[in-house]
Amino acid sequence: MTPSTTTTSFSVRSQQWREFWFYFSVNKTAVAGLVFLIGVVLMAILADVISPHSPTEQYREFAEIPPAWMEGGQMRFFLGTDYAGRDMLSRIIHGARLSLIAGCIVVLMSASIGVLLGLVAGFRGGWVETIIMRIMDTIMAVPGLLMALVLVAVLGPGLLNAMVAIAITYTPSFVRLTRASTMTELNKDYVTASKVAGAGPMRLMFISILPNCMAPLIVQGTLSFSTAILDTAALGFLGMGAQAPLPEWGTLIAENRDLMLSAPWTVTFPGIAILLAVLAINLMGDGLRDALDPKLKRS
Amino acid sequence: MFKFLFKRLLVLVPVFFGVTLVAFGFIRALPGDPVEVLAGERGVSPERHAELMAKLGLDQPLWQQYLSYVGDVLQGDLGTSLITNRPVAEEFFELFPATAELAICAILFAVILGIPAGIIAAVKRGTWIDQGIMSISLAGYSMPIFWWGLLLIILFSNTLNLTPVSGRLSFLFEVEPVTGFMLIDSLLSDEKGAFKSALHHLVLPAIVLGTIPLAVIARQTRSAMLEVLSEDYVRTAKAKGLSPLRVIAIHALRNAMITVITVIGLQVAVLLGGAILTETIFGWPGIGKWIIFSVFSRDYFAVQGGLLLIAGCVMVVNLTVDLLYGLINPRILH
Amino acid sequence: MALLEITNLTVEFATAHGSLKAVDQVSLSLDAGDIVAIVGESGSGKSVAMLALMGLLPWTATITAAQMSFDGKDLLTMNAKQRRAIIGKDISMIFQEPMTSLNPCFSVEYQISEVLAQHFGGSRGSHKNKVIELLEKVGIPAPETRLKAYPHQLSGGMSQRVMIAMMIACEPKLLIADEPTTALDVTIQAQILELLVELQQANGMALVLITHDMAVVAETADRVVVQYAGQQVEQRPVTELFNNPRHPYTQALLSALPEYAKGKTLNAIPGVVPGQLDRPVGCLFSPRCEHAKDLCHSQPAPRSEGVLCHYPLPINTTAVIQTEAVS
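Residues numbered from 1 in each chain as written. Chains lettered and ligands numbered in written order. Predicted model: local features only at pLDDT ≥ 70, side-chain atom pairs only at ≥ 80, totals over all residues.

(A) Layout of the confidence of the model for chain B. Residue and element names in this part refer to chain B. Within chain B, residue pLDDT values average 85, and 95% of them lie at 70 or more. The least confident element of chain B, judged by mean pLDDT, is helix α2 (residues 34–39) at 66; the most confident is helix α10 (residues 232–239) at 94. Among the prediction metrics, the complex's ipTM stands at 0.87, with pTM recorded as 0.84. (pLDDT = per-residue confidence, 0-100. Helix = DSSP H or I, 4+ residues; strand = E, 2+ residues; numbered from the N terminus.)

What follows is the structure, encoded as structure tokens:
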């Protein structure tokens, strides 16, 4: 990465972008993942427009209708209906919004706090670092889902609280990553040069060091995004996340669980939605990692 | 070597106290008055309220409460369940073997399939075998495991009628809980077919719980092997005229295992969290199911104690992994 | 019959930017007991040629040769299993970085006895005495105490000695040493070189010494092969080469030695070795050659009088360089 003291010129940045895109685009599956993700985002944004029905409207006479291609199904309810007669397809489309928003908020929260703490820990050292790292170790000592559960039990069930709880459990990864990168960068000559030139700690942290730690952070961010969707769904499934009638994908599975054997489509399709979304993000994340990691560049 | 372990132990001490703080703070953080929260909907009269406050030590300053809590914990007293009125520690350890058995089977499944898959993917890098294995493992950790469990139940238990839906043993059998491990206990008992039934019941939950570890272990083994295979000493091994099998299985793998063991250890910690979902789906009477139940039924002491004990298990596992790591990494051992 | 016969060996690598010719029509003939040095800058293909011989190149490499045979056996047509029977036993190779070339997870005894067990059978333990004998041979004091040592406990020089012990364990007919002293301290370098020459004389084995250090060449070799950008530019007996280099590159290499520095400036060769993407049309050395003429820039150099040059330097001219280093 370019050792920078202030800002890099536009041409250098755009060249880095082109080089990055070259390595990324070679990976066909990663590009497929990106395309699919963009599709999901569009679907979420345009949910009101493209979904055939309202996600909350109940067609009582049409409860538990199978998908269109099975016997008894209708084109009107393409993926079938749930226990209350609501169209599965519409609910899943609207659920995309919740999952994507949850993912974004979780990553934003955990990354911003985590990176800040990591920078401070790596930069300051001493007892500040020790305290921060011990707190992070404590959070990591409790399995993520359990910690999130306990936090939600304290805060009360709901999508927002679930997001906060999950974000707290993800923070340690960002802290560790940033701290490790900071410690590596601190030893490098350009940082010493900046210090000698009189740069203060804030400038050093955010302008000199942080841009050079971006690669692993971006990869971790992508991974956390996909895991956040899974964990939000898990909490929703356990009844501690998004509450019914919100069409969050995990909650959809939970509320139709009794119909699992008699109307399996009600639990299958939301799960497939989760799988595809997470898969797309992970594929993209893999591609990102390969493109950003200089060691993996093939000759 | 012992210096290494000692340093690790030293780090654990503040973490242990941190977790006790979290557990302690958990109840205090619950909205509302702790006594009223504990009493639930029944409500308490003012005299009873004062009585309970004193009994639970809630009228003392917070730091004193914390200290007495820690003191209790160190003596093994983790509170009493509000629902069953039994000591939390007792309940926990009664249910622990079920989760342990499930977790062990899940990890065995993950390791026995995952490590060879990773090795093959690394050796056949770039071929469709490699891409196939990597795609499957990617799908494996992109799945919500509660959905995966439900799907397998629908498929195998319902449609194909191959496996039971829930529990550890068919209700037809009566097995003495000697060790708590159903596989062992069923072998020890006189009941014919009990072992087979126990195994039958373990299959699906172990697969579901082990899917994510399997995927992660396969990927990590592959990347560790790839890194090792490009090292100089592998070239030296080949230059000695050793067979490819020996080069891979002994020279390369031995070094790759150093990283993979750490990954396996971390996965065990993840398993304890995943067990919550798996046990809920399969009605498996272990800690996961118990703690969910406690959270929902507002058995706060059980949750508090359970949190501490589970975190304790994770720390023990991590310490064991560190020990193993120290044993196989020659730089630390010698 | 020569021990090693390589004729017109070419190695090409498939890369993202097309095909890279790392070795271009290299020939070498070796008899038992010969010591040949292969000299050249980084990128000259000197290691790659030998790795091709050993079969240690990755799958992206394509190896073609008119002939490549060792001890009467054709290396081009032999299958992997047959090759593994020779490698480590009749042909051995030691590498540049001894610290990373030994497996960190296994002891010294394990790694040396392993090669003995591989080629001579028996369990590793049965070769313990031979291992001690080998360690003594390579100059490791109190060898019994070193048996259980792990590579990270050894110094650079010690590691290289262990490597050498490992690779001469089966008494090979040919030992290839790929820059064995480059990664070591100067004081250790001399010791290791001395050791190699000693072993060569004691065992009567052929030695191929790959190096970029002309002084080392002068000390140890009988014959010298000079390589540039994958091509073999000159091959001569050592005294002749030093007294009367016939290829401009060889002459430039020799005059770049510190001994011939004029005043405070070294006679460095201007320019760099061509990479994959900037190979010159015509003679590969022409951009940097002080004698280059028009023909050199337009036509690839032919092999005339054993030298790859359009205008080989004449024999016995005023450009003779006396070398006190040799003697």
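(B) Region of the structure containing the packing of helix α4 (residues 88–124) of chain A against helix α5 (residues 126–141) of chain A. All names here are of chain A. Where α4 contacts α5, the two axes come as close as 7 Å, and the packing angle between them is 140°. On the basis of the axis angle, α4 is oblique to α5. In this structure, the crossing between α4 and α5 has a hand that is left-handed. From α4, Leu-117, Val-120, Ala-121 and Arg-124 reach across to α5, where they touch Gly-126, Val-128, Glu-129, Ile-132 and Met-133. (Axes fitted to C-alpha atoms, helices over the stretch in contact; angles between N-to-C directions. Parallel < 35°, antiparallel > 145°, perpendicular 65-115°, else oblique. Left-handed = near helix turned anticlockwise from the far one by under 90°. Contact = placed C-beta atoms within 7 Å.)

(C) Representation of the interface of chain A and chain B. Counting from both sides, the interface comprises 34 residues of chain A and, opposite them, 34 residues of chain B. Residue assignment for the side of chain A that touches chain B shows that the elements contributing at least two residues are α5, α6 (144–155), α10 (214–238), α11 (249–255) and α12 (265–292) of chain A. For the side of chain A that touches chain B, a count of residues per class yields 25 nonpolar, seven polar and two charged. (Nonpolar A, V, L, I, M, F, W, Y, C, P; charged D, E, K, R; others polar.)

(D) Just the nonpolar core, in detail. If you look at the biggest cluster of nonpolar residues, it comprises 167 residues, and the most contacted ones within it are A:Leu146, B:Leu307 and B:Ile310. The contacts of B:Ile310, once residues within four sequence positions are left out, are A:Val142, A:Pro143, A:Leu146, B:Leu272 and B:Ile287. Core analysis: the next-biggest nonpolar cluster, separate from the first, contains 94 residues, C:Leu53, C:Phe70, C:Ile86 and C:Tyr249 among them. (Core = buried A, V, L, I, M, F, W, Y, C linked by C-beta atoms within 7 Å. Buried ≥ 20, exposed ≤ 12 C-beta atoms within 10 Å, placed from the backbone.)

(E) The pairing of strand β3 (residues 35–39) of chain C, seen in detail. All names here are of chain C. Counting buried residues in β3 gives five out of five residues, a clear majority hidden from the surface. The alternating pattern of β3 places Ile-35, Ala-37 and Val-39 and Val-36 and Ile-38 on opposite faces, both of which are buried. The pairing of β3 with strand β10 (residues 223–228) spans four bridges and is classified as parallel. Looking at the pairing, Val-36 lines up with Arg-223 of β10. (Pairing = 2+ DSSP bridges.)

(F) Fine view of α5(A). The first and last C-alpha atoms of α5(A) sit 22 Å apart over 16 residues, in line with the 22 Å expected at 1.5 Å per residue. Turning to α5(A), its buried residues are A:Met133, A:Met136, A:Thr138, A:Ile139, A:Met140 and A:Ala141. Summarising the contacts, the buried residues of α5(A) are in contact with α4, α6 and α7 (159–186) of chain A together with α1 (2–29) and α13 (300–328) of chain B. (Expected span 1.5 Å × (residues − 1).)

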